[in-house]
Amino acid sequence: MSIYVGNLSFKVTEADLTAVFAEYGSVKRVQIPTDRETGRIRGFGFVEMSSEAEEQAAIAALDGAEWMGRDLKVNKARPREERPTSGFRSGNANGGERRRNIQSCLL
């Protein structure tokens, strides 16, 4: 199981999150996703702890708590959903085909 931690400060580090959650048990892993283009923290993270009891204690204590000037949103992380592949998401494939067709007309 993994814990979702939302509304994080953009200054937070993995060490900061580890220290806060370590008060409720053994922290196995912390992830703080960053924006691909800017490298800036996206404002949420994930924490894995050694047992479900420890995770439940951390969720109960930290959900809604003020930390680093923000009210945390802490709950069980949901499984990642598959994103549909639509024409809008896979624009390169269609655009590449279109370019090849135009190039073949020019030859």
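The coordinates are above.
Throughout what follows, the structure given in this document is the object of discussion. (Residues numbered from 1 in each chain as written. Predicted model: local features only at pLDDT ≥ 70, side-chain atom pairs only at ≥ 80, totals over all residues. Heavy atoms only, no water.)

## Re unusual backbone geometry
Quick reminder of the rule: What counts as a helix is a DSSP run of H or I of at least four residues, what counts as a strand is a run of E of at least two, and both are numbered from the N terminus. Each residue is placed in one exposure class: buried if its accessible area under a 1.4 Å probe, protein chains only, is under 20% of its type's maximum, exposed if it is over 50%, and partly exposed if it falls in between.
Positive phi, close to 65 degrees, is recorded for Asn 7, a residue that is not glycine. By the element assignment, Asn 7 lies in the loop between β1 (3-6) and α1 (14-22). Located in the positive-phi region is Met 68, a residue other than glycine, with phi close to 55 degrees. With respect to the helices and strands, the residue Met 68 is situated in the loop between β4 (66-67) and β5 (70-71). Judged by its relative accessible area of 36%, Met 68 falls in the partly exposed class.

## A closer look at the side chain of Ser 2
Counted only if it meets this: Throughout, a contact is declared for two residues whenever any of their heavy atoms are within 4.5 Å.
By the secondary structure assignment, Ser 2 is in the segment before β1. Apart from the residues lying within four places of it in its own chain, the contact partners of Ser 2 are Phe 46, Val 47, Glu 48, Glu 55, Asn 75, Lys 76 and Ala 77.

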